Amino acid sequence: TAIRTRLHFGSLIGVRAPISFAITFGIGGGIATLERPDGTKVREHLDVGENPPIGAIVYYWLDDNASGPVALKFRDAAGSTIVTLRSDDDTLAAARRPGTRRGLNRYVWDMRYPGPGRIDPSLAPPRNVPLASEPDARPGPAAVPGEYQVELTVGSDTRVAIFSIVKDPRLSITPEDYALQFALLKELNDRLSALNSAVNRIRRIKGQLRALTERLGDDHADLAAKAKSAENGLTAIESVLVDVDRESPRDVLRHPAGLNDTLVDLINMAGIADMAPTAPTDAVSRETMARVDAELAKLDTLLAGDIADINRTAAERSIAHVAE
């Protein structure tokens, strides 16, 4: 049984690497951050107590003859897959990959659904060198209390176990409240994922339009003008979805926020505690998601209109078209 709690480190003040002497405001303690041979990092508590890991803990034993990658698949009570985590998935951080060593292994699932798709940094226009590395991918909403399944696959061998997630016993929140919170967080995450996907699409097409404009000579000035106009239209949509003037991840105060920033803030607000969303949070979320939908509709219209027209003209003149 896993307890859904919200125990987090607050302020890790690094006096000298890798030792931290403050684990949260008002509580002092020495913690060393150590890196294991497999690349994962662990905090060693030097003079303070340690809480159990936050999440659903899965233990599994691998015999000496076990072969093949290890996969852990988590499902809800209806059998729908929430997330699959594989030991050979290089896109996952080392700490999120199931262990493959012989003997006893332990995996701690954070009880989170997959987060939104991300904006591809390789498509962004060159800006100032970031002051810090890009943050990790945002997690999705937390699983609500209830029954869950975990499936372990090693090679062709599969095992299934049932476990429960229960609420923090100190809370009076009802199952309906959990369901309302989860539903709103899922909607916000899905909309953020759609927004990020649209930004990636816009930037890919803008790059193709710029390349097309540069290749066209005086004989195709009309097509070049259409490509430039379409690029401006895409930029207008992009500028509403994201802050296009931001020059680093920390440059968030000089320009108006993009709708992606607002969605992230709303996700943080709706998930700030185990409780049903407040009426203002729900209302602003609905308003913001409607604004996102309106911009995505403009993008669809532009793709079906201007971009399609450019591609038709390009095809007639045997010029490479713009891939959407």
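Quantities reported herein were computed from a predicted structural model and do not represent experimental measurements.

**Quick look at the overall build of the protein chain**
1) Next: Within the protein chain one finds four helices and eleven strands.
2) Next: Across the 324 residues in the protein chain, those meeting the buried criterion constitute 36%.
3) Next: A sequence separation of at least 24 residues applies to 64% of the contacts in the protein chain between residues at least 6 apart.
4) Next: Looking at the protein chain as shown, the accessible area adds up to about 18500 Å², and 54% of this sits on carbon and sulfur atoms.

**Notes on the packing of aromatic side chains**
1) Next: Using the criterion set out here, one finds six aromatic pairs in the structure.
2) Next: Both rings, one in F74 and one in F163, keep their centres 6.3 Å apart while their planes meet at 85°; by these two values the pair is edge-to-face. Note that F74 is positioned in strand β7 (residues 70-76) and F163 in strand β11 (residues 157-167), a separation of 89 residues in sequence.
3) Next: In this structure F163 comes out as buried when scored by relative accessible area, which is 14%.

**Remarks on the sheet that holds strand β1 (residues 2-4)**
Across a sheet, paired strands are connected by hydrogen bonds in the backbone, their directions being either parallel or antiparallel.
1) Next: Sheet architecture is open: five strands sit in the order β1-β11-β10-β7-β8, paired in mixed fashion. Two strands in the sheet have a free side with no partner beyond their single neighbour: β1 and β8 (81-86). Ignoring strand direction, the axes of neighbouring strands in this sheet form an average angle of 25°.
2) Next: Where strand β10 (residues 146-154) lies against β11, nine bridges are found, and the strand directions are antiparallel.

**A few points about the packing of helix α1 (residues 175-215) against helix α2 (residues 221-241)**
1) Next: With their axes 9 Å apart at the nearest point, α1 and α2 run at an angle of 155° to one another. By the criterion of interaxial angle, the relationship of α1 to α2 is roughly antiparallel. Two packed elements cross with a definite hand, and for α1 against α2 that hand is left-handed. Together, L195, A198, V199, I202, R203, I205, K206, L209, R210, L212 and T213 of α1 and A224, A227, K228, A230, E231, L234, T235, I237, E238 and L241 of α2 make up the contact between the two elements.
2) Next: Of the residues that constitute the contact of α1 with α2, the class distribution is 13 nonpolar, two polar and six charged.

**So, unusual backbone geometry**
1) Next: Positive phi, normally seen in glycine, also occurs at M111, with a value near 60°.
2) Next: Tracing the backbone through its elements, the reader meets M111 in the loop between β9 (103-109) and β10.
3) Next: Positive phi values are uncommon outside glycine, yet S318 reaches one of about 60°.
4) Next: Positionally, S318 belongs in the segment after α4 (279-316).
5) Next: You can call S318 exposed: its relative accessible area is 70%.

**Concerning the pairing of β7**
1) Next: The buried fraction of β7 amounts to six of the seven residues, a majority that puts the element mostly inside the structure.
2) Next: Examined bridge by bridge, β7 and β10 share seven bridges and lie antiparallel to one another. For A71, the partnering residue across the bridge sits in β10 and is T153.
3) Next: Two strands pair when backbone bridges link them, and β7 and β8 are joined in this way by five bridges, in the antiparallel orientation. Residue pairing for β8: K73 is matched across the bridge by T84.
4) Next: Between β7 and β8, which follow one another and run antiparallel, lie four residues, and G79 among them has a positive phi close to 90°.

**Details of the nonpolar core**
Buried together is how nonpolar side chains tend to be arranged in soluble globular proteins.
1) Next: Formed by 37 residues in total, the largest nonpolar core has its most connected members in L188, L195, L209, L241, I307 and I310.
2) Next: Among the elements of the structure, α1, α2, α3 (259-270) and α4 are those that each provide at least two residues to this core.
3) Next: Of all hydrophobic cores here, the second largest spans 25 residues; its members include V70, I82, Y148 and F182.

**Describing a nonpolar patch on the surface**
1) Next: On the surface, I57, Y59, W61 and L104 cluster together into a nonpolar patch covering about 470 Å² of accessible area.
2) Next: Note that Y59 resides in strand β6 (residues 56-62).

**Focus on the pattern of salt bridges**
Where charged atoms from two side chains of opposite charge approach closely, those side chains can pair.
1) Next: All told, the structure shown has 20 salt bridges when counted by the stated rule.
2) Next: D190 is the salt-bridge partner of K186, the closest N and O atoms lying 3.0 Å from each other. Of the two residues, K186 and D190 are both situated in helix α1; the distance of four residues between them amounts to about one turn of the helix.
3) Next: Here D190 falls in the partly exposed class, since its relative accessible area comes to 40%.

Here is what the cut-offs are and how they apply
Residues numbered from 1 in each chain as written. Predicted model: local features only at pLDDT ≥ 70, side-chain atom pairs only at ≥ 80, totals over all residues. Heavy atoms only, no water. Helix = DSSP H or I, 4+ residues; strand = E, 2+ residues; numbered from the N terminus. Buried < 20%, exposed > 50% of the residue type's maximum accessible area, 1.4 Å probe, protein only. Contact = heavy atoms within 4.5 Å. Areas by Shrake-Rupley, 256 points an atom, 1.4 Å probe, with all protein chains shown as cover. Phe/Tyr/Trp six-rings, centres within 6.5 Å; stacked < 30°, edge-to-face > 60°. Pairing = 2+ DSSP bridges. Axes fitted to C-alpha atoms, helices over the stretch in contact; angles between N-to-C directions. Parallel < 35°, antiparallel > 145°, perpendicular 65-115°, else oblique. Left-handed = near helix turned anticlockwise from the far one by under 90°. Nonpolar A, V, L, I, M, F, W, Y, C, P; charged D, E, K, R; others polar. Core = buried A, V, L, I, M, F, W, Y, C linked by side-chain atoms within 4.5 Å. Patch = residues over 30% accessible without salt bridge, like charges linked within 9 Å, V, L, I, M, F, W, Y side chains within 5 Å. Salt bridge = Lys/Arg side-chain N within 4 Å of Asp/Glu carboxyl O.

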